[in-house]
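# Examination of the molecular architecture
Below, each chain spelled out in residue letters.
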Amino acid sequence: VTRSRPFVGSLAFRLLLLAFVPFFALALLANERISVQRDQKHHAEALVDVIAVRGAVVGIYGPKHVERIAMEGMARIDELGYPRPLVVAATGIDFESIEREIHAAFDDALDALQTGCGDLVLSDGGTLGPRLGEVRADIATLRSDLSLRSADPRAVGAAFDRLDAVLSDVLDSETTVDVTG
């Protein structure tokens, strides 16, 4: 008389169990590792975004300061009523040439920030694109006033102070990324 053994107690089941339990454990560990690496990837991508924004902002500072100095210098010379060529001859500093040379670099840096980060939300809930557009319009008006020799040095300073405030807001808004995981 042959006795049939249920599959649960069979040797085949026991061998399958010995083979699949370690594979199941390895699959769980692999899934956990993949999840951790996916989180690290997201944190790294967020950090790359922060660095890109900061790089765009830093790219503005050099040309911005040179343009500000040149524009304030020309506006002050005009306000005092001195002919610009006379000031160039006396000091050797040609603010018009300096402004013309830096103009494109400054505008390119602003373009890069506005194009790449224009949808960045600032502390007041507004976005960078329109805010930067307002400041750029002010600077364009001042450039036009300078060509007419009618720019106010205080207006030049105020426009660049507004730009500094916007850039500071951009940097402050990008400091909240948690990269610790």
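As the structure is a prediction and not an experimental result, all values here were calculated from the model. (Residues numbered from 1 in each chain as written. Predicted model: local features only at pLDDT ≥ 70, side-chain atom pairs only at ≥ 80, totals over all residues. Heavy atoms only, no water.)

What follows deals with empty space enclosed by the protein. In this approach a probe as big as a water molecule rolls over the atoms, and the regions it shows empty are the leftover space. Tallied over the full model, the rule gives one cavity of 30 Å³ or more. The space that makes up the largest cavity amounts to roughly 40 Å³. Taken together, Met74, Ile77, Arg84, Val88, Ile93, Asp94, Phe95 and Glu96 make up the lining of the largest cavity. Put simply, the parts of the chain that give the lining of the largest cavity at least two residues each are α1 (11-80), α2 (84-91) and α3 (95-117). Of the residues assigned to the lining of the largest cavity, the class counts are five nonpolar, no polar and three charged. (1 Å grid on protein atoms, 1.4 Å probe; cavity = no way out; pocket = protein on both sides within 12 Å on 5 of 7 lines; lining within 4 Å. Points joined across faces, edges and corners; volume = space filled by probe spheres on them. Helix = DSSP H or I, 4+ residues; strand = E, 2+ residues; numbered from the N terminus. Nonpolar A, V, L, I, M, F, W, Y, C, P; charged D, E, K, R; others polar.)

Counted under the stated rule, the structure contains 16 salt bridges. Arg68 serves as the salt-bridge partner of Asp164, at 3.7 Å between the closest nitrogen and oxygen. On the criterion of sequence distance, the pair formed by Asp164 in helix α5 (residues 153-173) and Arg68 in helix α1 is long-range, its members being 96 residues apart. Looking at Arg68, the relative accessible area reads 16%, which means it is buried. Beyond isolated ion pairs, a larger network of salt bridges with shared partners links Lys64, Arg68, Glu72, Asp161 and Asp164. (Salt bridge = Lys/Arg side-chain N within 4 Å of Asp/Glu carboxyl O. Buried < 20%, exposed > 50% of the residue type's maximum accessible area, 1.4 Å probe, protein only.)

Further remarks concern unusual backbone geometry. The backbone of Arg149 shows a phi angle near 60°, a positive value even though the residue is not glycine. Residue position: Arg149 is located in the loop between α4 (128-147) and α5. The partly exposed category is assigned to Arg149, whose relative accessible area is 43%.

Here the focus is the packing of α1 against α5. It is the contact of α1 with α5, at a shortest axis distance of 9 Å, that shows an interaxial angle of 170°. Taken as axis vectors, α1 and α5 run roughly antiparallel relative to one another. Classifying every residue of the contact of α1 with α5 gives 13 nonpolar, one polar and 10 charged. (Axes fitted to C-alpha atoms, helices over the stretch in contact; angles between N-to-C directions. Parallel < 35°, antiparallel > 145°, perpendicular 65-115°, else oblique.)

Bringing the packing of α3 against α4 into the picture now. Running from N to C, α3 and α4 point in directions that differ by 165°, and their axes come no closer than 10 Å. In terms of orientation, α3 lies roughly antiparallel with respect to α4. Read as a crossing pair, α3 and α4 show a hand that is left-handed. Residues Glu99, His103, Phe106, Asp107, Leu110, Asp111, Leu113, Gln114 and Cys117 of α3 form the contact with α4, whose own contacting residues are Leu128, Gly129, Leu132, Gly133, Arg136, Ile139 and Arg143. (Left-handed = near helix turned anticlockwise from the far one by under 90°. Contact = heavy atoms within 4.5 Å.)

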